[in-house]
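Below, each chain spelled out in residue letters.
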There are 2 protein chains.
Amino acid sequence: MQRVSLTELAKRLNLSPSTVSRALADHNEVSEATKQRVRQLARELNYQPNQLAAALRRGRSGTLGVLVPHITGHFFPQVVHGIATEASRAGFTVMICQSNEDAQQERRNIELLRHNQVEGILVSLANTTQDISHFEELRQQGVPLVFFDRVVEDFRGTNVSAVVLDDYQGAYQVVAHLVAQGCRRIAHFSGPLHLSIHKNRHQGYRDALLAHNLPVDEDLIVFCPQTQAGGAEAMQQLLRTLPAPPDAVFASNDLAAVGAMRVAKQAGLRVPEDLAVAGFSNETFTTLTEPNLTTVDQGCETMGISAVRLLVQMLHTTAEQRKPQPRNVVLKPQLLVRESSLRKPRD
Amino acid sequence: MQRVSLTELAKRLNLSPSTVSRALADHNEVSEATKQRVRQLARELNYQPNQLAAALRRGRSGTLGVLVPHITGHFFPQVVHGIATEASRAGFTVMICQSNEDAQQERRNIELLRHNQVEGILVSLANTTQDISHFEELRQQGVPLVFFDRVVEDFRGTNVSAVVLDDYQGAYQVVAHLVAQGCRRIAHFSGPLHLSIHKNRHQGYRDALLAHNLPVDEDLIVFCPQTQAGGAEAMQQLLRTLPAPPDAVFASNDLAAVGAMRVAKQAGLRVPEDLAVAGFSNETFTTLTEPNLTTVDQGCETMGISAVRLLVQMLHTTAEQRKPQPRNVVLKPQLLVRESSLRKPRD
DNA sequence: CTGAAAGCGCTAACAA
DNA sequence: TTGTTAGCGCTTTCAG
């Protein structure tokens, strides 16, 4: 069984290629009888339309480019899953590239996507990216662009869209919850503040304390690697240094929270009675710790979906000759209260 | 700055499109001087080659199709990561689709990939797929095809390649290790045997026992959902039913192992002293449990890489007019001994 | 070393 | 309702 082209079908049916094309596209200018004939033969010969040719001719590839730092861990696979699902729903295919957190690869992949004529690009920045000229170029040339999670702050208010999570809000909610549970000396394990996620969570922590008339005690704030070991280390430090241990720990991510929890338990503290613990991200393992870890869900999949919707919107508006309508979406995170911070019965 | 085509470049340089094309492809039949001129102007005008057109002309898209059940959880993201990385290394781009475990979507996506002229397809079956006619068709038409992890058994020995993990071997190793640790009454928590992963692990368990002159006690084999709850349930059942608890549990996956471990600890058994525990898959959380869980690493990324290599090989051999050379690769899993099963000091 | 010509497979004016 | 024509942007014979 050979590959047949549309032209081939046309010949066999004594029709012109255009008619066949229209028939297959179900144009209403074609007689029902002809459509039947065409479809029948197409099925018989197992005709496979060549999307490349159609895309070339139309000037529209029907493909969206996706550029993520990597497809590992918890967050990005989920987002990519959301992107792929929503793109498919909107009738697009996706071409996915990884920058491997490398600015060079990021540049190359952007090129690659362009050469493949993607209609728009969804990007989360590599963490080594300083020079953003490659994105600036895309922006100027009007390539529809949506950043998600790791965004270029400078592009706010330009013809570029973005989807981010409200980390500040998430952290604020955690602390408010801990206060409601009766905690008064809430420690915070933060990552480096040059990363916006940690900066925002840190700020949310501070503001929530102040809003509840609690002092911000700098001794309760520890900067540490956001890993299990880092969290463990930080907890040990607090237990060693302070006259009395804190009554809660809010870590900027789940791994650090687990580390803290483990050390606390080894030190004889009961969780949550003596020490309430909360993390951030809703990693899979948060329902496997003992006790289960209170955390903040980021709605990763929703982020992917929103990003695609934004992009598709932009594509429509540009197609209608109007200016593309960039927008910034800030997703609300969801506090998940679990055993590790629950001292009082739920309402 | 408008989009410029190769033809446009040619006009501006008073050259023919063919020469420009050759210059950009760095053919050695073009004078160095001309190459310079072409490259210079291309850069100045920010020329972006149209891959679609090139692909159409060449009859080679440079794209590989990937079809996975989903991009969530632990396993598939890792494999996809491996695929994307290796494909990029081999000069291909990837088009990724999800079947969402649905046979219908699987069929549609296969179509989609074909229409996009992918040069070959990497597939892991949806678990609802019974009718495999869509793959049979690909096979007959000579579309290069590589299955990974969830394969079509019927295709063994045909012009289709496959990459699978040696589950049997992995299970065997686990049990051999447990025996070496002094365990004699090793329980096994298995999933449904119609899934090959569980069937093979189960068989590995049995054979390893026999090989070490231990009896296979059917009372120690429990079929349960391979979830934390399932594992917990199974453990409770054993503790309730048996006159004496087993001295080890090997669960067919990590979640079930965690459930078993938790119940055992609650029942006052020490892990690993009274009960050694081992799982399968090397999920992220296995280094977060207390104690850390002994498990089997599947080399997910390696699987992706192998699959791509196999496909690329097939592409080469077909290109050289020779018959494609399908191969079956069986990856060796790696036993990771951790605290949950370690009773004796390491060698 | 360079150019002319043809065409990959499809779609979309414009005609009939 | 159907056909004619042209061409998307590129590569690749084949000639010069």
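Residues numbered from 1 in each chain as written. Chains lettered and ligands numbered in written order. Predicted model: local features only at pLDDT ≥ 70, side-chain atom pairs only at ≥ 80, totals over all residues. Heavy atoms only, no water.

Where an unreviewed UniProt entry is consulted, chain A appears under the name LacI family transcriptional regulator, with the organism given as Hymenobacter gummosus.

A. Structural context of the sheet that holds strand β8 (residues 248–251) of chain A. Residues and elements named next belong to chain A. With parallel pairing, four strands are arranged side by side in an open sheet as β7-β6-β8-β9. In this open sheet, the two strands that pair with only one neighbour each are β7 (221–223) and β9 (276–278). Sheet twist, expressed as the mean angle between neighbouring strand axes with direction ignored, is 15°. Inspection of the sheet shows strand β6 (residues 186–190) paired to β7 by three bridges, in the parallel sense. Counted as the bridge partner of F189 is V222 from β7. Strands β6, β8 and β9 of the sheet are contacted by helix α8 (residues 167–180), whose axis makes an angle of about 170° with β8. (Pairing = 2+ DSSP bridges. Helix = DSSP H or I, 4+ residues; strand = E, 2+ residues; numbered from the N terminus. Axes fitted to C-alpha atoms, helices over the stretch in contact; angles between N-to-C directions. Contact = heavy atoms within 4.5 Å.)

B. View of the relation of the copies chain A and chain B. For these two chains of identical sequence, chain A goes onto chain B by a turn of 180° and a shift of 0.1 Å along the axis, with RMSD 0.1 Å. Expressed as an axis order, the relation between the two copies is that of a two-fold axis. Comparing contact sets, 98% of the residues at the interface of chain A also lie at the interface in chain B, consistent with an isologous, same-surface contact. (Least-squares fit on C-alpha atoms with pLDDT ≥ 70 in both.)

C. Summary view of the packing of helix α10 (residues 228–241) of chain A against helix α11 (residues 254–266) of chain A. All names here are of chain A. Relative to each other, α10 and α11 sit at 45°, their axes nearing to 6 Å. The angle between the axes of α10 and α11 places the two elements in the oblique class. Relative to α11, α10 is oriented so that their crossing is right-handed. For the pair α10 and α11, contact is made by Q228, G231, A232, M235, Q236 and L239 and by L255, A256, V258, G259, A260, R262, V263 and A264, respectively. (Parallel < 35°, antiparallel > 145°, perpendicular 65-115°, else oblique. Left-handed = near helix turned anticlockwise from the far one by under 90°.)

D. View of the pattern of salt bridges. As enumerated under the stated definition, the model contains 34 salt bridges over all chains in all. Between E101 of chain A and R150 of chain A there is a salt bridge, with the nearest N and O atoms lying 2.9 Å from each other. Linking E101 of chain A in the loop between β2 (93–98) and α6 (103–115) with R150 of chain A in the loop between β4 (145–148) and β5 (161–165), this pair joins segments that are 49 residues apart in sequence. You can call E101 of chain A buried: its relative accessible area is 17%. Among the residues examined, R150 of chain A registers a relative accessible area of 23% and is labelled partly exposed. Of the charged contacts in the structure, one is a salt bridge between D131 of chain B and R107 of chain B, with a shortest N-O distance of 3.3 Å. On the criterion of sequence distance, the pair formed by D131 of chain B in the loop between β3 (120–123) and α7 (133–140) and R107 of chain B in helix α6 (residues 103–115) is long-range, its members being 24 residues apart. (Salt bridge = Lys/Arg side-chain N within 4 Å of Asp/Glu carboxyl O. Buried < 20%, exposed > 50% of the residue type's maximum accessible area, 1.4 Å probe, protein only.)

E. Representation of the state of the cysteines within the structure. Residues and elements named next belong to chain B. All told, the structure shown has zero disulfides over all chains when counted by the stated rule. Take C224: it sits in no disulfide, and the sulfur closest to it among the cysteines is that of C183, at 19 Å. Classification of C224 as buried rests on a relative accessible area of 9%. (Disulfide = S-S within 2.5 Å.)

F. Region of the structure containing the protein's contact with DNA strand D. Close to DNA strand D lie 25 residues, the nearest being S18 and R57 of chain A together with L6, Y47 and R57 of chain B. In the environment of DNA strand D, a phosphate oxygen lies 3.0 Å from a nitrogen or oxygen atom belonging to the side chain of T19 of chain A. Elements supplying a minimum of two residues to the surface near DNA strand D: α2 (17–24) and α4 (51–58) of chain A together with α1 (6–13), α2 (17–24) and α4 (51–58) of chain B. It is α4 of chain B that contributes the most residues to the surface near DNA strand D, four residues altogether. (Near = heavy atom within 4 Å. Polar contact = N/O pair within 3.5 Å; in protein donor to acceptor, adjacent residues only side chain to side chain.)

G. Representation of the domain arrangement of chain A within the structure. Each domain of chain A was delimited in the assignment, giving domain 1 (6–49), domain 2 (61–164 + 300–330) and domain 3 (167–298 + 335–341). Computed from C-alpha atoms alone, the centre-to-centre distance between domain 2 of chain A and domain 3 of chain A is 32 Å. (Domains from an automatic or database assignment.)

H. Structural view of helix α3 (residues 32–44) of chain A. Residues and elements named next belong to chain A. With 13 residues, α3 extends 18 Å from end C-alpha to end C-alpha; this agrees with the ideal 18 Å at 1.5 Å per step. Restricting attention to buried positions, one finds in α3 the residues T34, K35, V38, L41 and A42. Taken down its axis, α3 places every buried residue within 140° of arc, on the same side. Exposed residues pointing more than 90 degrees away from the buried face of α3 are listed as A33 and R43. Among the structural elements, α1 (6–13) and α2 are those in contact with the buried residues of α3. Of the residues one or two after α3, N46 is the one with positive phi, at around 55°. (Expected span 1.5 Å × (residues − 1). Arc of directions from axis to C-beta.)

I. Spatial organisation of the sheet that holds strand β6 (residues 186–190) of chain B. Residue and element names in this part refer to chain B. The strand order across the open sheet formed by four strands is β7-β6-β8-β9, and the pairing between neighbours is parallel. Either end of the sheet is taken by a strand with one partner, and the two such strands are β7 (221–223) and β9 (276–278). With direction set aside, neighbouring strand axes in the sheet form an average angle of 15°. Strand direction decides the pairing type here: β6 and strand β8 (residues 248–251), joined by four bridges, are parallel. Each residue of the ladder has a partner; that of I186, found in β8, is A248.

J. Broad picture of helix α5 (residues 75–89) of chain B. Residue and element names in this part refer to chain B. Taking 1.5 Å per residue as the helical rise, α5 with its 15 residues ought to reach 21 Å, and the 21 Å between its terminal C-alpha atoms agrees with that figure. Of the residues making up α5, those classed as buried are F75, F76, P77, V79, V80, H81, G82, I83, A84, T85, E86 and A87. Phi turns positive, to about 85°, at G91, one or two residues after α5.

K. Expanded view of the interface of chain A and chain B. Between chain A and chain B, the contact holds 47 residues from the first and 46 residues from the second. For the chain A and chain B pair, buried surface summed over both sides reaches about 4100 Å², with 55% attributable to carbon and sulfur atoms. Here chain A is connected to chain B by four salt bridges. The partner of E290 of chain B in a salt bridge is K265 of chain A, and the shortest N-O contact between them spans 3.4 Å. Elements with a minimum of two residues in the side of chain A that touches chain B: α4, α5 (75–89), β2, α6 and α11 of chain A. Looking at side-chain class alone, the side of chain A that touches chain B contains 18 nonpolar, 22 polar and seven charged residues. (Buried area = accessible area lost by both parts, 1.4 Å probe. Nonpolar A, V, L, I, M, F, W, Y, C, P; charged D, E, K, R; others polar.)

L. Summary view of the protein's contact with DNA strand C. Taken together, the neighbourhood of DNA strand C is formed by 26 residues, with L6, Y47 and R57 of chain A together with R22 and R57 of chain B sitting nearest. What you see for DNA strand C is that sugar and phosphate hold 62% of its atoms within 4 Å of the protein. Within the contact set of DNA strand C, a phosphate oxygen lies 2.8 Å away from a side-chain nitrogen or oxygen of S21 of chain A. Taken together, the elements giving at least two residues each to the surface near DNA strand C come down to α1, α2 and α4 of chain A together with α2 and α4 of chain B. The greatest single-element share of the surface near DNA strand C, amounting to four residues, is contributed by α4 of chain A. Across the surface near DNA strand C, the residue classes break down as eight nonpolar, twelve polar and six charged.

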